Amino acid sequence: QVQLVESGGGLVQTGDSLRLSCAASGRAGSYYALGWFRQAPGKEREFVGTIRWSFGTTYYADSVRGRFTISRDNAKNTVYLQMDSLKPEDTAVYYCAASSLGVSMRRIDYAYWGQGTQVTVSS
């Protein structure tokens, strides 16, 4: 079982930056990739990006590529989502998720989910 806890959300203005953290706990090798998803009110939960834990390979949605960066700290079992040049359309609850299957953009491939952290970007 993998436990995920997100933190770092908040209220910012357009153009500001935030760094979200996702602390993962569990047995080593229990997951293959950690992903970030977000869900705005009235919208489907959408893929933001993911990182292969072992190698650090990252993948991003087109909507955030160039603005968001995913990184990891192996010693802390923590993945980060650095968000720069934030826009109002980035407002959403951001979720960290773990997959034991592989790097994926699909929600169904992630078996473990954190509780989410709210990011609000005002104009």
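In the block above lies the structure referred to throughout.
Each value, and the rule that gives it
Residues numbered from 1 in each chain as written. Predicted model: local features only at pLDDT ≥ 70, side-chain atom pairs only at ≥ 80, totals over all residues. Heavy atoms only, no water. Helix = DSSP H or I, 4+ residues; strand = E, 2+ residues; numbered from the N terminus. Rg over C-alpha atoms; globule rule 2.2 N^0.38 Å. Buried < 20%, exposed > 50% of the residue type's maximum accessible area, 1.4 Å probe, protein only. Areas by Shrake-Rupley, 256 points an atom, 1.4 Å probe, with all protein chains shown as cover. Lys, Arg positive; Asp, Glu negative; His and termini not counted. Charge placed at Lys NZ, Arg CZ, Asp CG, Glu CD. Pairing = 2+ DSSP bridges. Phe/Tyr/Trp six-rings, centres within 6.5 Å; stacked < 30°, edge-to-face > 60°. Lys NZ or Arg CZ within 6 Å of the ring centre and 35° of its normal.

A. Spotlight on the overall build of the chain. Check the secondary structure of the chain and you find 0 helices and 11 strands. Counting helices and strands in the order they occur from the N terminus, the chain gives β-β-β-β-β-β-β-β-β-β-β. Radius of gyration (C-alpha) of the chain: 13 Å, near the 14 Å computed for a compact globule of 123 residues. For the chain, the C-alpha atoms occupy an extent of roughly 40 × 30 × 25 Å along the three principal directions. Here the chain, with 123 residues, has 43% of them falling under the buried criterion. When the accessible surface of the chain is summed, it comes to about 6300 Å², and 47% of that surface belongs to carbon and sulfur atoms. The positive charge centre, built from 13 side chains, and the negative charge centre, built from 10, are 6 Å apart in the chain.

B. Just the pairing of strand S3 (residues 18–25), in detail. In this structure, strand S1 (residues 3–7) lies alongside S3, joined through 5 bridges in antiparallel fashion. Along S3, the bridge assignment pairs Gln3 with Ser25. As judged from the 6 bridges shared by S3 and strand S8 (residues 78–83), these two strands associate in the antiparallel manner. Across the sheet, Ser21 pairs through a bridge with Tyr80, a residue of S8.

C. Spatial organisation of the packing of aromatic side chains. Taken as a whole and assessed by the stated rule, the structure comprises 5 aromatic pairs. Measuring from centroid to centroid gives 5.1 Å for Phe37 and Tyr110, while their planes differ by 75°, and the two rings are edge-to-face. With Phe37 in strand S4 (residues 33–39) and Tyr110 in the loop between strand S9 (92–99) and strand S10 (112–113), this residue pair connects regions lying 73 residues apart in the sequence. Taken together, the ring pairs in this structure connect Phe37, Phe47, Tyr95, Tyr110 and Trp113 into an aromatic cluster. The ring of Tyr80 carries Arg19 above its face, with NZ or CZ at 4.2 Å from the centroid. Residue placement shows Arg72 over the ring face of Trp53; its charged tip is 6.0 Å from the ring centre.

D. Region of the structure containing unusual backbone geometry. Although it is not a glycine, Asn77 adopts a positive phi angle of roughly 50°. According to the relative accessible area criterion, Asn77 is partly exposed, its value standing at 28%. The backbone phi angle of Ser85 is positive, close to 50°, even though this residue is not glycine. Positionally, Ser85 belongs in the loop between S8 and S9.

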